[in-house]
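# Overview (structure and organization)
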Amino acid sequence: RQEFAISLLFTPFGTFTRWKLANKYNKRLPGFPLGTFSVNLLSCALSGSLGSFLSSAGPEESIVLSSMIAGFAGSLSTFAMFIIEIISLIDPIIFKF
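Described in the following lines is the structure provided in the data block. Just so you know, these numbers come straight off a predicted model, no measurement behind them. (Residues numbered from 1 in each chain as written. Predicted model: local features only at pLDDT ≥ 70, side-chain atom pairs only at ≥ 80, totals over all residues. Heavy atoms only, no water.)

## Re the overall build of the protein chain
Selection criterion: Strands are runs of DSSP state E lasting at least two residues, helices are runs of H or I lasting at least four, and both sets are numbered from the N terminus onward. Only C-alpha atoms enter the radius of gyration; for comparison, a globular chain is expected to reach 2.2 Å times N to the power 0.38, where N is the number of residues.
A tally of helices and strands in the protein chain yields four helices and zero strands. Reading the protein chain from its N end, one meets helices and strands in the order α-α-α-α. Relative to the globule expectation of 13 Å for 97 residues, the C-alpha radius of gyration of the protein chain, 16 Å, shows a markedly less compact shape. Oriented by its inertia axes, the alpha-carbon framework of the protein chain measures out at about 50 × 25 × 20 Å.

## Re the packing of helix α2 (residues 34-53) against helix α3 (residues 59-76)
Worth spelling out the cut-off: Geometry is summarised by axes, namely lines fitted to C-alpha atoms with helices restricted to the contacting stretch, and by angles between N-to-C directions that run from 0 to 180 degrees. In this scheme, roughly parallel covers angles under 35 degrees and roughly antiparallel covers those over 145, while 65 to 115 is roughly perpendicular and the rest are oblique. Contact criterion: two residues are considered in contact whenever any of their non-hydrogen atoms come within 4.5 Å of each other. The nonpolar class holds Ala, Val, Leu, Ile, Met, Phe, Trp, Tyr, Cys and Pro. Asp, Glu, Lys and Arg form the charged class, and all remaining residues, Gly among them, are polar.
Here α2 crosses α3 at 175 degrees, and the two axes come no closer than 9 Å. Taken together, α2 and α3 sit at an angle that is classed as roughly antiparallel. Side by side, α2 and α3 meet where Val 39, Leu 42, Ser 43, Leu 46, Ser 47, Leu 50, Gly 51 and Phe 53 of the first sit next to Leu 65, Met 68, Ile 69, Phe 72, Ala 73 and Leu 76 of the second. When the residues that make up the contact of α2 with α3 are grouped by side-chain class, the tally is eleven nonpolar, three polar and no charged.

## Remarks on the environment of Ala 22
Within the secondary structure, Ala 22 sits in helix α1 (residues 2-25). Linking Ala 22 and Ala 45, residues 23 residues apart in sequence, is a C-alpha distance of 17 Å. When neighbours within four sequence positions are excluded, Ala 22 is seen to be in contact with Gly 35, Thr 36 and Val 39.

## Let's talk about the environment of Phe 79
Positionally, Phe 79 belongs in helix α4 (residues 79-90). Between the C-alpha atom of Phe 79 and that of Val 39, which follows or precedes it by 40 residues, the distance is 9.4 Å. Not counting the four nearest positions on each side in its chain, Phe 79 is found in contact with Asn 40 and Cys 44.

As structure tokens, this is what we get:
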């Protein structure tokens, strides 16, 4: 499908943005992963705002918008990583290998 192929083009940009923001802001507040949390909020806001344009978009625009939601915003959100970072702050012994 077209959405899948186009979303693969947006995925590296979301991943790189997540990595840069998490590395920059996670160090600012030692007891809380601020970078990961802010990236998750940004992803939710971006998904919601792009999703609101889907109702009035044409077929071509719908493909691009849904690909941006799935590709960029999907790879930008890191809810699983946020949970892992919170648990590792609570009990760091769990993640010692």
